[in-house]
Amino acid sequence: MGLQRVVLLVGYETVKEALVDQAEDFSGRAPVPFVYKATRGYGLLISNGERWRQLRRFTLTTLRDFGMGRKKMESWIQEENICIYSEKMQKEIDDVIGQTRSPTMEDRKSLPYTNAVIHEAQRFLDIAPIGVPHCATADISFKGYIIPKVSMITESEDHWDSPWSFNPNHFLDKNGNFNTNPAFIPFSLGKRACVGESLARMELFLFLVTLLQHFTFSSPGGPDIVDISPEYSNFRNIQRRYELIVTPH
Ligand code: HEM
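We now turn to the structure provided with this report. Owing to the predicted nature of the structure, the values given are computational and were not obtained by experimental measurement.

1. Remarks on the site of the ligand
Then step 1. Taken together, 16 residues surround the ligand, and among them Arg 29, Trp 52, His 134, Ser 188 and Cys 194 come closest.
Then step 2. Arg 56 is positioned such that a nitrogen or oxygen atom in its side chain is 2.7 Å from an oxygen atom of the ligand.
Then step 3. A breakdown of the residues in the shell around the ligand according to their chemical character gives 9 nonpolar, 4 polar and 3 charged.

2. A closer look at the environment of Glu 231
Then step 1. Among the structural elements, Glu 231 can be located in the loop between strand E7 (215–218) and strand E8 (232–233).
Then step 2. Note: C-alpha distance between Glu 231 and Arg 241 (10 residues apart in sequence) is 8.7 Å.
Then step 3. Apart from the residues lying within four places of it in its own chain, the contact partners of Glu 231 are Ile 238, Gln 239 and Arg 240.

3. Focus on the coordination of the iron atom of the ligand
Then step 1. There is one protein donor for the iron atom of the ligand, namely Cys 194 (SG), at 2.3 Å.
Then step 2. Tracing the chain through its elements places Cys 194 in the loop between strand E6 (152–156) and helix H7 (197–214).

4. So, the nonpolar core
Then step 1. By size, the foremost hydrophobic cluster in this structure holds 35 residues, and its most contacted members are Leu 9, Phe 26, Ile 147 and Phe 205.
Then step 2. Every element with two or more residues in this core is listed here: helix H1 (12–21), helix H5 (87–96), helix H6 (112–125), strand E4 (140–142) and H7.
Then step 3. A total of 7 residues in this core trace back to one element, the largest contributor, which is H7.
Then step 4. Other than its neighbours up to four places away in sequence, Phe 205 contacts Thr 104, Met 105, Asp 107, Arg 108, Leu 111 and Ile 118.

5. Things to note about the pattern of salt bridges
Then step 1. Following the criterion strictly, the structure yields 11 salt bridges and no others.
Then step 2. For Lys 191, the salt bridge identified is with Glu 24, shortest N-O distance 3.5 Å. Here the residue Lys 191 occupies a position in the loop between E6 and H7, and Glu 24 occupies one in the loop between H1 and strand E2 (28–29), the gap between them amounting to 167 residues.
Then step 3. Three or more residues joined by partner-sharing salt bridges are found here, namely Glu 24, Glu 50, Arg 53 and Lys 191.

6. What to know about helix H3 (residues 49–65)
Then step 1. The end-to-end C-alpha separation of H3 is 24 Å, in line with the 24 Å expected for 17 residues at 1.5 Å each.
Then step 2. Looking only at H3, the buried set comprises Trp 52, Arg 56 and Thr 59. When H3 is viewed along its axis, its buried side chains cluster within an angular range of 70° and face the same direction. In H3, the exposed positions angled more than 90 degrees off the buried face are occupied by Arg 57, Phe 58 and Asp 65.
Then step 3. Phi for Gly 67, located one or two positions after H3, is positive at around 90°.

7. Re the packing of H6 against H7
Then step 1. Packing of H6 against H7 brings their axes to within 11 Å, and their N-to-C directions diverge by 120°. Classified by the angle their axes make, H6 and H7 are oblique. You can see that H6 and H7 cross each other, and the crossing is right-handed. Residues Thr 114, Ile 118, His 119 and Gln 122 of H6 form the contact with H7, whose own contacting residues are Arg 201, Leu 204, Phe 205, Leu 208 and Val 209.
Then step 2. Its residues assigned to classes, the contact of H6 with H7 shows 5 nonpolar, 3 polar and 1 charged.

8. A word on the packing of aromatic side chains
Then step 1. Throughout the structure, instances matching the rule amount to 6 aromatic pairs.
Then step 2. Where Phe 124 meets Phe 166, the ring centres are 5.8 Å apart and the plane angle is 80°; that geometry is what we call edge-to-face. Of this pair, Phe 124 sits in helix H6 while Phe 166 is found in the loop between E6 and H7, placing the two residues 42 residues apart along the sequence.
Then step 3. Among the residues examined, Phe 166 registers a relative accessible area of 36% and is labelled partly exposed.
Then step 4. Between Trp 160 and Phe 171, the aromatic rings sit 5.4 Å apart at their centres with planes inclined by 50°, giving tilted as the arrangement. Of this pair, Trp 160 sits in the loop between E6 and H7 while Phe 171 sits in the loop between E6 and H7, and the two are 11 residues apart along the sequence. Comparing Trp 160 with Phe 171 shows no difference in burial state: the two are buried.

Calculation criteria
Residues numbered from 1 in each chain as written. Predicted model: local features only at pLDDT ≥ 70, side-chain atom pairs only at ≥ 80, totals over all residues. Heavy atoms only, no water. Near = heavy atom within 4 Å. Polar contact = N/O pair within 3.5 Å; in protein donor to acceptor, adjacent residues only side chain to side chain. Nonpolar A, V, L, I, M, F, W, Y, C, P; charged D, E, K, R; others polar. Helix = DSSP H or I, 4+ residues; strand = E, 2+ residues; numbered from the N terminus. Contact = heavy atoms within 4.5 Å. Donors = N, O, S within 2.8 Å, 3.2 Å for Na, K, Ca; no water. Core = buried A, V, L, I, M, F, W, Y, C linked by side-chain atoms within 4.5 Å. Buried < 20%, exposed > 50% of the residue type's maximum accessible area, 1.4 Å probe, protein only. Salt bridge = Lys/Arg side-chain N within 4 Å of Asp/Glu carboxyl O. Expected span 1.5 Å × (residues − 1). Arc of directions from axis to C-beta. Axes fitted to C-alpha atoms, helices over the stretch in contact; angles between N-to-C directions. Parallel < 35°, antiparallel > 145°, perpendicular 65-115°, else oblique. Left-handed = near helix turned anticlockwise from the far one by under 90°. Phe/Tyr/Trp six-rings, centres within 6.5 Å; stacked < 30°, edge-to-face > 60°.

So, in structure tokens, the structure goes:
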């Protein structure tokens, strides 16, 4: 962020109050120096004002035309792949889908544990820990403070039983049913929220379930030697590299 002043919004309620209840005031994108240098201010992510409005409308329409989050997209995603493992997820997937049929988004309702693990992985890995900084569109008033037009605004959250542990129970009720938590906002909220959210969610679910249907993933030194803390943590949390043993079923 260099020497620019930053206002940090902490806690889900504060973030929601700013990005949803006062959406227009907080819809500006801060000129993050390295992004600005790479893009010269062009493109949906970094632009502001009329250019951003037009790009956003165009992008959402185009993604919709390509079928983002729809049935057809589902069948394209089913043909690709990535990784992760857990015996419990594999058992749930075996019981509900088996190993021959491809998963569909409809299956998500019947796979609460797998769905909870995906949500917990996104929460815990926290790849964009401060989101993508916003800026106020004018001198605005928020919670009794005046935030000048150029201030940067970033986000942070804190709403979990054990925020620093990987625990899928953050997304399960006591009967093992999937339970959403409003503080889960990896795609952010409001007018600047991620335009790729439904595509990304579909990919995460279909990739993971397909992989676990066909492979078991293990670590050469056993699970205990895997360090799941990020190797670097700054604007992004960068995860460590691991060696994996991938065994087909
Ligand atoms: C797991 C995957 C993803 C995560 C966690 C993620 C997260 C985010 C976050 C936190 C923002 C900033 C929102 C804000 O400023 O309040 C964002 C913006 C954005 N995302 Fe994503 N995203 C993901 C995948 C995608 C995909 C697949 C696409 C493209 C199809 C995409 C396109 C964009 C664009 C264009 C913006 C800028 C929107 C704007 O400034 O108006 N993202 N994303």
